[in-house]
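Chain residues, written in single-letter form:
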Number of protein chains: 2
Amino acid sequence: MRQSKLLFKTQKTLPKDEVAVNAQLLIRANFVHKLMAGVYSYLPLGFRVREKVMEIIREEMNALGAAELLMPSLQPKSAWEASGRWEGLQKIMYQFKDHSGRDVGLGVTHEEIVALLAQGIIDSYADLPKYVYQIQAKFRDEPRAKSGILRGREFTMKDMYSFHADEKSLEDFYEKAKKAYTRVFERCGLKSYVTEASGGDFSKSHSHEFMVETPAGEDETYLCRLCGFARNKEIADFKKGERCPTCTAGVLEKVTTVEVGNIFKLGTKFSEAANLNFKDKEGTLKPVVMGSYGIGVERLMGTIVEVHHDERGILWPETVAPFTIHLLLLGEASEELQKFADGVYHEFEKAGVEVLFDDRMKVSAGEKFYDADLIGLPWRAIVSEKTMVQGKIEIKKRNESGSKTVKAKEFIAEIKQ
Amino acid sequence: MRQSKLLFKTQKTLPKDEVAVNAQLLIRANFVHKLMAGVYSYLPLGFRVREKVMEIIREEMNALGAAELLMPSLQPKSAWEASGRWEGLQKIMYQFKDHSGRDVGLGVTHEEIVALLAQGIIDSYADLPKYVYQIQAKFRDEPRAKSGILRGREFTMKDMYSFHADEKSLEDFYEKAKKAYTRVFERCGLKSYVTEASGGDFSKSHSHEFMVETPAGEDETYLCRLCGFARNKEIADFKKGERCPTCTAGVLEKVTTVEVGNIFKLGTKFSEAANLNFKDKEGTLKPVVMGSYGIGVERLMGTIVEVHHDERGILWPETVAPFTIHLLLLGEASEELQKFADGVYHEFEKAGVEVLFDDRMKVSAGEKFYDADLIGLPWRAIVSEKTMVQGKIEIKKRNESGSKTVKAKEFIAEIKQ
């Protein structure tokens with residue numbers, strides 16, 4: 001992609017009140033644009049990161065045997081009354097009247113809606129288990145939206161729902177989902193810890209949260225670095241320095257974390273509210289057993305920025321970087337140099353290497369380096385008069401200081417391995 | 001995909017008040033689920049059609065040089081005041097107060113928002129032209145939502161915006177976009193007519209609509225089948241039977257059409273309202289010239305159903321079908337037959353042929369045929385004791401009556417051509 005063709009320009013000024021590191025970097029690097037508190041647009045580079053994060057999530061959910069679908073944001077009050085959550089969630093749910101005077105709300109989550117949807121599809125034990133997920137906009141009127149894209153008023157959530165005939169089936173899938181979640185975060189370049197947590201709004205039964213260590217987080221977690229034991233401070237009664245209750249060798253630390261995912265054994269709370277029943281083998285009508293599994297897409301993206309940055313800008317892990325290589329054309333480009341740079345650009349494109357080509361004229365080398373560090377692609381490739389005479393490019397990793405001068409072809413072979 | 005694994009079941013009953021053919025068929029075939037008037041969920045099969053339609057749109061927009069981004073639905077009143085549309089659109093826009101008492105609304109379109117976004121990115125003639133698009137949820141409180149997914153209260157729109165230094169540049173891109181739109185509809189199996197139309201809410205300058213002939217439409221269009229001339233009845237003063245003003249040979253017909261896309265030359269209305277200016281070569285500050293280009297994704301999907309169906313169900317064009325082949329396992333399947341059917345299924349999957357495998361047990365052949373016709377995949381393949389003894393499958397096109405018995409391998413070679 002030619003940088004000159006994108007609606008894109010790194011920014012010198014920040015909106016007032018934007019205190020979160022993730023938002024500051026993403027706004028300066030022009031990945032996101034702030035429309036109002038907690039509400040952001042995703043510009044072409046930010047859009048690409050978001051897509052890559054979603055693709056990783058999709059692959060892992062599909063591997064679980066879940067099928068993707070899409071439910072609406074606009075929802076009638078009636079769907080939320082049986083579970084008691086129209087009132088229960090009214091502090092954070094946008095609820096209003098349409099032009100005919102009907103009460104509607106914007107979905108903060110979809111347990112009620114998916115249970116209604118499954119009625120008429122699931123009615124026998126033979127229809128179970130079933131797993132579905134969506135990647136869809138959610139709305140929450142957060143009283144404090146100061147964490148950048150970690151806590152948006154409008155955000156994208158991957159929410160998966162599972163339907164089972166019994167607790168055993170739920171338990172099996174729940175454990176598989178737990179592993180899939182850990183893989184999602186790992187593939188996004190994040191080390192996550194699974195913590196037991198309270199069920200929150202959902203249920204009194206078991207639930208787990210996935211925590212990533214960062215000072216930007218809003219949670220406190222007791223952590224044993226030796227064995228990976230983690231427990232949310234809310235439900236734990238440890239003291240700092242206490243021995244780990246699992247491995248007994250490690251010492252517990254209290255660390256600040258951000259919750260990047262959560263999974264819930266819902267039991268029959270929502271199926272009972274929605275009359276979602278099935279006939280078991282004996283013909284007895286029973287409520288379906290449900291689970292729900294959430295990942296906030298932009299929160300995950302923001303966490304990656306919080307964990308992977310330095311004083312100069314972002315350091316995107318290769319798996320989620322908007323492009324792999326930032327190709328910079330330096331100097332007062334002669335026609336010959338432009339042609340050479342174009343050739344290198346096309347060589348990358350032809351080889352299927354994702355490349356952002358800073359082809360801007362009349363921009364100093366210093367400014368291009370500054371922008372490239374801020375944007376934070378994994379590799380930087382320089383083309384200048386100096387490299388052209390050797391028929392080569394100068395390659396440097398974003399997170400390393402040394403560079404080397406090689407032929408584009410050799411470098412392509414190296415990263416395509 | 002194994003049908004037994006999907007959250008999916010064809011439906012016998014319809015919601016009350018669902019009169020539109022597209023919704024009736026899509027609900028019966030379990031592609032969509034109705035949550036409330038004008039608000040639908042997209043189940044796995046419907047989700048796949050929607051994805052294919054969006055992928056066609058994406059390819060054509062990318063080919064125009066437009067980059068994808070994503071803007072939010074939740075929008076502050078302030079963004080809509082300068083253009084005068086907070087009041088102008090209040091009859092169809094969901095507008096409400098958040099918990100802090102601020103006025104917010106749900107986006108019905110994004111001209112105001114994209115103009116704000118482009119500020120600080122576009123400030124010189126060297127930054128122009130630029131093209132961006134998004135595929136994003138829109139909300140409109142339609143007074144009558146009786147046309148199924150043709151007119152939803154929540155729906156997905158591809159909206160593209162172009163930014164130019166002058167009218168000439170807009171004109172060039174507008175003509176390219178017009179051709180790209182025609183290709184989108186053609187690739188979706190639809191013959192579209194470009195009609196001149198009034199600018200509607202947007203502007204007094206030129207705009208065009210893309211019309212597809214179907215009795216389900218809400219528009220009336222004068223049409224010359226000979227040369228393709230078309231004019232919206234709203235702005236035309238023709239009589240039925242009048243000679244075509246363009247080719248003079250054809251005779252005008254008045255036909256019912258649905259509007260599947262529209263494009264607008266906005267001029268400087270929204271850039272002036274948002275203070276989106278650029279410096280020209282002489283250093284003079286000028287408002288950016290804009291264009292906007294919309295396609296309703298679900299409306300397009302619904303139109304395909306309105307045009308391509310018969311009394312038994314849907315007939316999906318191959319380009320947008322959720323799967324290419326419906327593989328039916330018939331009869332009281334012995335272990336041997338099941339194994340043979342599984343083998344055929346894996347052969348299709350391995351060859352990259354998208355196959356839906358009706359592997360349900362205890363379901364009669366008649367019911368499977370009925371469901372397959374309703375779902376409407378382009379090809380039906382039968383595996384039974386009779387075909388197994390020959391090591392073959394029986395192949396039939398959805399829209400043809402004849403069938404033939406061939407080896408799976410031969411059929412794969414045929415459709416992969």
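Whatever comes next refers back to the structure up there.
Draft legend 1. Focus on the overall build of chain A. Looking only at helices and strands, one finds 12 helices and 23 strands in chain A. Taken along its principal axes, the extent of the C-alpha atoms in chain A is 80 × 60 × 45 Å. When the accessible surface of chain A is totalled, it reaches about 17,200 Å², and 48% of it is carbon and sulfur. Between the mean site of the 61 positive side-chain charges and the mean site of the 62 negative ones, chain A shows a separation of 2 Å.

Draft legend 2. Fine view of the sheet that holds strand 6 (residues 103-106) of chain A. Residues and elements named next belong to chain A. The strand order across the open sheet formed by 3 strands is 4-6-5, and the pairing between neighbours is antiparallel. The open sheet has two free edges, formed respectively by strand 4 (74-76) and strand 5 (95-97), since each of these has just one partner strand. Ignoring which end each strand starts from, the neighbouring axes of this sheet average 40 degrees apart. Relative to strand 6, strand 5 runs antiparallel, the two sharing 3 bridges. Along strand 6, the bridge assignment pairs phenylalanine 96 with valine 104.

Draft legend 3. Structural detail: the sheet that holds strand 22 (residues 393-397) of chain A. Residue and element names in this part refer to chain A. Pairing within the open sheet is mixed, and its 5 strands lie in the order 20-19-21-22-23. Each edge of the open sheet is held by one strand with a lone partner, namely strand 20 (355-358) and strand 23 (403-406). On average, adjacent strands in this sheet sit at an angle of 25 degrees to one another, irrespective of strand direction. Relative to strand 22, strand 21 (residues 379-383) is paired through 4 bridges, and the arrangement is antiparallel. Counterpart to alanine 381 in the pairing with strand 22 is isoleucine 395. Taken strand by strand, helix 9 (residues 335-350) contacts strand 19 (325-329), strand 20, strand 21 and strand 22, and its axis lies near 170 degrees from that of strand 19. Against the sheet, helix 10 (residues 365-375) makes contact with strand 19, strand 20 and strand 21, and its axis sits at roughly 170 degrees relative to strand 19, the strand it touches most.

Draft legend 4. The arrangement of the packing of helix 1 (residues 21-28) of chain B against helix 8 (residues 297-307) of chain B in detail. Residues and elements named next belong to chain B. Direction vectors running N to C along helix 1 and helix 8 enclose 95 degrees, while the axes themselves pass 9 Å from each other. Here helix 8 runs roughly perpendicular to helix 1, going by the angle between their axes. Residues Val21, Asn22, Leu25 and Leu26 of helix 1 touch helix 8, and the partners they reach there are Met301, Gly302, Val305 and Glu306. Here the residues of the contact of helix 1 with helix 8 are counted per class, giving 5 nonpolar, 2 polar and 1 charged.

Draft legend 5. Up close: the environment of A:Tyr222. Residue and element names in this part refer to chain A. Within the secondary structure, tyrosine 222 is located in strand 11 (residues 219-223). Setting aside chain neighbours within four positions, we find tyrosine 222 in contact with Phe229, Ala230, Arg231, Lys233, Ala236, Phe238, Lys239, Lys240, Glu253 and Lys254. Only 2.9 Å separates the side chain of tyrosine 222 from the backbone oxygen of phenylalanine 238, close enough to count as a polar contact.

Draft legend 6. Quick look at the pairing of strand 2 (residues 39-42) of chain B. Residues and elements named next belong to chain B. Where burial is concerned, the two faces of strand 2 agree: the one with Val39 and Ser41 and the one with Tyr40 and Tyr42 are both buried. As defined by bridge partners, strand 1 (residues 32-36) adjoins strand 2 across 4 bridges and the pair is classed as antiparallel. Looking across to strand 2, one finds that lysine 34 is bridged to tyrosine 40. Hairpin connection between strand 1 and strand 2: a loop of 2 residues separates the two successive antiparallel strands, and glycine 38 in this loop has a positive phi of roughly 80 degrees.

Draft legend 7. Expanded view of unusual backbone geometry. Of the consecutive residues A:Leu128 and A:Pro129, the connecting peptide bond is found in the cis state with omega at -5 degrees. With respect to the secondary-structure elements, A:Pro129 resides in the loop between helix 5 (111-118) and strand 7 (130-139). Even without glycine at this site, A:Asp17 takes up a positive phi of about 70 degrees. Tracing the backbone through its elements, the reader meets A:Asp17 in the segment before helix 1 (21-28). Accessibility expressed as a relative area gives 58% for A:Asp17, which makes it exposed. With a phi close to 65 degrees, B:Asn30 is a non-glycine residue in the positive phi region. Residue position: B:Asn30 is located in the loop between helix 1 and strand 1.

Draft legend 8. Representation of the relation of the copies chain A and chain B within the structure. If you rotate chain A by 180 degrees and push it 0.0 Å along the axis, it lands on chain B with an RMSD of 0.0 Å. Accordingly, the operation relating the two chain copies is best matched by a two-fold axis. Within chain A, A:Phe96 has its C-alpha nearest the rotation axis, a separation of 3.2 Å. Of the residues that chain A buries at the interface, 98% are likewise interface residues in chain B, meaning the two copies contact each other through the same surface.

Draft legend 9. Representation of the interface of chain A and chain B within the structure. Across the boundary between the two partners, chain A contributes 56 residues, which contact 55 residues of chain B. When chain A packs against chain B, close to 4,900 Å² is buried across both sides, 67% of that on carbon and sulfur atoms. On the chain A side of the interface with chain B, the three residues burying the most area are A:Leu7, A:Leu74 and A:Ile121, jointly 14% of the side's total. In this assembly, chain A and chain B are joined by 4 salt bridges. A salt bridge links A:Asp123 to B:Lys9; the shortest N-O distance between them is 3.2 Å. In this assembly, chain A and chain B are joined by 22 residue pairs in polar contact (both at pLDDT 80 or more).

Draft legend 10. The arrangement of the packing of helix 2 (residues 44-63) of chain A against helix 8 (residues 297-307) of chain A in detail. All names here are of chain A. In contact at an axis separation of 10 Å, helix 2 and helix 8 are set at 110 degrees when each is read in the N-to-C sense. Our classification of the angle between helix 2 and helix 8 gives roughly perpendicular. Note that helix 2 runs across helix 8; the crossing there is right-handed. For the pair formed by helix 2 and helix 8, the contact residues are Gly46, Val49, Arg50, Val53, Met54 and Ile57 on the first element and Val297, Glu298, Leu300, Met301 and Ile304 on the second. Split into classes, the residues belonging to the contact of helix 2 with helix 8 amount to 8 nonpolar, 1 polar and 2 charged.

Rules used throughout
- Residues numbered from 1 in each chain as written.
- Chains lettered and ligands numbered in written order.
- Predicted model: local features only at pLDDT ≥ 70, side-chain atom pairs only at ≥ 80, totals over all residues.
- Heavy atoms only, no water.
- Helix = DSSP H or I, 4+ residues; strand = E, 2+ residues; numbered from the N terminus.
- Areas by Shrake-Rupley, 256 points an atom, 1.4 Å probe, with all protein chains shown as cover.
- Lys, Arg positive; Asp, Glu negative; His and termini not counted.
- Charge placed at Lys NZ, Arg CZ, Asp CG, Glu CD.
- Pairing = 2+ DSSP bridges.
- Axes fitted to C-alpha atoms, helices over the stretch in contact; angles between N-to-C directions.
- Contact = heavy atoms within 4.5 Å.
- Parallel < 35°, antiparallel > 145°, perpendicular 65-115°, else oblique.
- Nonpolar A, V, L, I, M, F, W, Y, C, P; charged D, E, K, R; others polar.
- Polar contact = N/O pair within 3.5 Å; in protein donor to acceptor, adjacent residues only side chain to side chain.
- Buried < 20%, exposed > 50% of the residue type's maximum accessible area, 1.4 Å probe, protein only.
- Least-squares fit on C-alpha atoms with pLDDT ≥ 70 in both.
- Buried area = accessible area lost by both parts, 1.4 Å probe.
- Salt bridge = Lys/Arg side-chain N within 4 Å of Asp/Glu carboxyl O.
- Left-handed = near helix turned anticlockwise from the far one by under 90°.

Coordinates in, geometry out; function isn't part of it.
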